[in-house]
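Structural overview for review
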Amino acid sequence: MSRIVTVGAAQTGPIQRDDTRAEVVERLVALLRQGADAGCDLIVFPELALTTFFPRWWADDRAEFDHFFETEMPGPDTRPLFDEAARLGVGFHLGYAELTPEGQHFNTAIVVDRQGTIIGKYRKVHLPGHHDHQPWREFQHLERYYFDPGAGFGVFAGFGGVLGMAICNDRRWSETYRVLGLQGCELAMIGYNTPIHYAPDPSQDVLQGFHNRLCLQSGAYQNGMWVVGVAKAGEEEGCDLLGESAIIAPSGEVRATCSTVGDELAVAECDLGLCANYKDTLFDFGYYRRPEAYGTITAQQGVVVPPDVVAALENSDDNDTGGAT
Ligand code: CDT
C-alpha cells in the first residue's frame, strides 16, 4: 500500500562566521516556503545548519566557541522557523550544535512535525577528525574536541512512517543504517558538512562525491529504506564543502539531486510503502540474518587479525618480494 511523503532536501550554501542566526534562519524559512509551494510534507536541512562549520578552527579554550551552540530549541532566533513551519503545515529536520544544561556539547539533529512540535532528537554517534590541534593541516576537523558522542540510533513515528536520523560521518558506517534498519526505519535523514579536501589522504579528494553516493545508496538498498542526504555546500571560510544532496529510494536508485553548491531544494515523492519490496523479500532480516555469525561486530572495536593468520603470513613464501633478476 502506498504511503507518500513528499520530501524536500533543502541544501544550503555556505554560512560564514559573521552571518547571524537571524540571517541564516531567514534563508531556511525561504527554503521552507519553497518546499511548501512544491507540495512538500517534510523539509530536510543539513548538519549544523545554523552556523559555519566551526570545528575547522582550534580555540585554546573550548568555551570560546560556546556561542555557536544552542541552549534551547526553539530559542528566540529559531522560533520563526518553527512558527512558519506550523503556519505552512510542513515538518522539518534540522541539524545544530546543542549545549545541554549539564554542560554537554552535542552535534544534534531534530525532526519536527507539521504542528511545529519536536518528535525526535538524535546526537551524532561517529565523531570524525581529531581532538588535538594539528597546525600542519590547511584546516582542522575538531569534532572530537568540541563534541561529546551521542549514545545511539533511535527511530521515531512521524509522517505516517518510521523515521531515523544520522549525521554526516555516520553515513559512512554500515552499522548506522543496519541499527536503524533493525528498528524498521523507512526514511533516514542525514545532514552533512563534507570538506572536499581530506588532509590525511588527499587522493580521496576527487572521490568525495563518489563516496558520498556510494554510502547513501548502499545504506538505502541494504536496509530497504529511503535515505535523504543533505549538504551544507560551497566555499565556507575558504574551505570547499561538497554539495550533491540526494534523495535515494529503497532500491538504491537516486530520485532527486541538487546541482549547485548554494541554497537549493530537491524534491521527491517518497513512497514509504516501497520499503516493503526490499524489507519483506531479499532483505527480510527476520528470515535471513545470522546474528550468531556477527558477534565480532559488537564484541570488538578495532581490527584484530587472528594470530594463526599472522603466523601463516610470517612463514609464507609470498612475503619474499624477491627482486627482479
Ligand atoms: N561533518 C562530518 O562528519 N564530516 C566528515 C569529514 C570527514 S574528514 C575528517 C565526513 O565524513 O564527511
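First, a word on scope: everything that follows refers to the structure included in this document. (Residues numbered from 1 in each chain as written. Predicted model: local features only at pLDDT ≥ 70, side-chain atom pairs only at ≥ 80, totals over all residues. Heavy atoms only, no water.)

Observations regarding the overall build of the protein
Helix and strand counts for the protein stand at nine helices and 14 strands. Computed over C-alpha atoms, the radius of gyration of the protein comes to 21 Å, within 12% of the 20 Å expected from 2.2 N^0.38 for 325 residues, which places it in the range of a compact globule. Along the first, second and third principal axes, the C-alpha atoms of the protein reach 75 × 55 × 40 Å. Out of the 325 residues in the protein, the part that is buried amounts to 50%. In the protein, 70% of the contacts between residues at least 6 apart in sequence involve partners at least 24 apart. Put simply, the protein shows about 15,000 Å² of open surface, and 51% of that area lies on carbon and sulfur atoms. With 24 positive and 46 negative side-chain charges, the protein shows a spacing of 5 Å between the two charge centroids. (Helix = DSSP H or I, 4+ residues; strand = E, 2+ residues; numbered from the N terminus. Rg over C-alpha atoms; globule rule 2.2 N^0.38 Å. Buried < 20%, exposed > 50% of the residue type's maximum accessible area, 1.4 Å probe, protein only. Contact = heavy atoms within 4.5 Å. Areas by Shrake-Rupley, 256 points an atom, 1.4 Å probe, with all protein chains shown as cover. Lys, Arg positive; Asp, Glu negative; His and termini not counted. Charge placed at Lys NZ, Arg CZ, Asp CG, Glu CD.)

A short note on the sheet that holds strand E13 (residues 254-257)
Strand order in the open sheet made by the six strands is E6-E7-E8-E9-E12-E13, with mixed pairing throughout. The sheet is open, and its two borders are formed by strand E6 (155-158) and E13, each paired with just one other strand. Sheet twist, expressed as the mean angle between neighbouring strand axes with direction ignored, is 20°. Most of the contacts of helix H4 (residues 174-181) go to strand E7 (residues 161-167), to which it runs at about 160°, and overall it touches E6, E7, strand E8 (187-192) and strand E9 (226-231). (Pairing = 2+ DSSP bridges. Axes fitted to C-alpha atoms, helices over the stretch in contact; angles between N-to-C directions.)

Brief notes about the site of the ligand
The environment of the ligand is made up of 14 residues, and the closest members are Lys-124, Cys-168, Asn-169, Arg-172 and Thr-194. Here an oxygen atom of the ligand and a side-chain polar atom of Lys-124 are 2.8 Å apart. Look at the ligand: alone it shows 360 Å² of surface, and the protein chains cover 92% of it. Here the residues of the shell around the ligand sort into four nonpolar, five polar and five charged. (Near = heavy atom within 4 Å. Polar contact = N/O pair within 3.5 Å; in protein donor to acceptor, adjacent residues only side chain to side chain. Nonpolar A, V, L, I, M, F, W, Y, C, P; charged D, E, K, R; others polar.)

Structural notes on the packing of aromatic side chains
Scanning the model with the defined rule gives 16 aromatic pairs in all. The ring of Trp-57 has Arg-56 lying over it, and the distance from NZ or CZ to the ring centre is 5.3 Å. Looking at Arg-62, its charged tip hangs above the ring of Tyr-145, at a distance of 6.0 Å from the centre. (Phe/Tyr/Trp six-rings, centres within 6.5 Å; stacked < 30°, edge-to-face > 60°. Lys NZ or Arg CZ within 6 Å of the ring centre and 35° of its normal.)

A few points about the packing of helix H1 (residues 21-37) against helix H2 (residues 79-88)
Between H1 and H2, whose axes approach to 10 Å, the crossing angle comes to 10°. One way to sum up the angle between H1 and H2 is to call them roughly parallel. From H1, Val-25, Leu-28, Val-29, Leu-32, Arg-33 and Ala-36 reach across to H2, where they touch Pro-80, Leu-81, Glu-84, Ala-85 and Leu-88. Split into classes, the residues belonging to the contact of H1 with H2 amount to nine nonpolar, no polar and two charged. (Parallel < 35°, antiparallel > 145°, perpendicular 65-115°, else oblique.)

Description of the packing of H4 against helix H5 (residues 208-223)
Packed helices, taken two at a time, are described by the angle between their axes plus the distance between the axes. Packing of H4 against H5 brings their axes to within 9 Å, and their N-to-C directions diverge by 30°. The angle between H4 and H5 falls in the class roughly parallel. The handedness of the crossing between H4 and H5 comes out as right-handed. Residues Tyr-177, Arg-178 and Gly-181 of H4 lie in contact with H5, whose contacting residues are Cys-215, Leu-216, Gly-219, Gln-222 and Asn-223. (Left-handed = near helix turned anticlockwise from the far one by under 90°.)

What about the environment of Thr-108?
Structurally, the position occupied by Thr-108 is in strand E4 (residues 105-112). A C-alpha to C-alpha distance of 7.9 Å links Thr-108 and Ile-167, two positions 59 residues apart in sequence. In contact with Thr-108, other than residues within four places in its own chain, are Leu-94, Gly-95, Tyr-96, Glu-98, Lys-121, Tyr-122, Arg-123 and Ile-167. A polar side-chain atom of Thr-108 sits 2.7 Å from a polar atom in the side chain of Glu-98.

Quick notes on the nonpolar core
Counting residues in each nonpolar core, the largest one holds 46 residues, and the members touching the most others are Val-7, Leu-42, Leu-187, Val-227 and Ile-247. In this view, Leu-42 contacts Val-5, Thr-6, Val-7, Gly-8, Val-90, Gly-91, Phe-92, His-93, Val-111, Phe-159, Leu-187 and Met-189; residues no more than four positions away in its chain are not counted. The next biggest cluster of nonpolar side chains, apart from the first, holds 24 residues, and it includes Val-29, Leu-50, Phe-92 and Leu-265. (Core = buried A, V, L, I, M, F, W, Y, C linked by side-chain atoms within 4.5 Å.)

Observations concerning the pattern of salt bridges
Taken as a whole and judged by the stated rule, the model has 15 salt bridges. With a shortest N-O distance of 2.6 Å, Arg-3 and Glu-186 are connected by a salt bridge. Of the two residues, Arg-3 is situated in the segment before strand E1 (4-11) and Glu-186 in the loop between H4 and E8; the sequence distance between them amounts to 183 residues. For Arg-3, a relative accessible area of 28% puts it in the partly exposed group. Take Glu-186: its relative accessible area is 10%, and that puts it in the buried class. Here Arg-290 ties to Glu-292 by a salt bridge, and the two come within 2.6 Å at their closest N and O atoms. On the basis of relative accessibility, which here comes to 45%, the residue Arg-290 falls in the partly exposed class. Shared partners join several salt bridges into a network, and the residues in it are Arg-33, Glu-84 and Arg-87. (Salt bridge = Lys/Arg side-chain N within 4 Å of Asp/Glu carboxyl O.)

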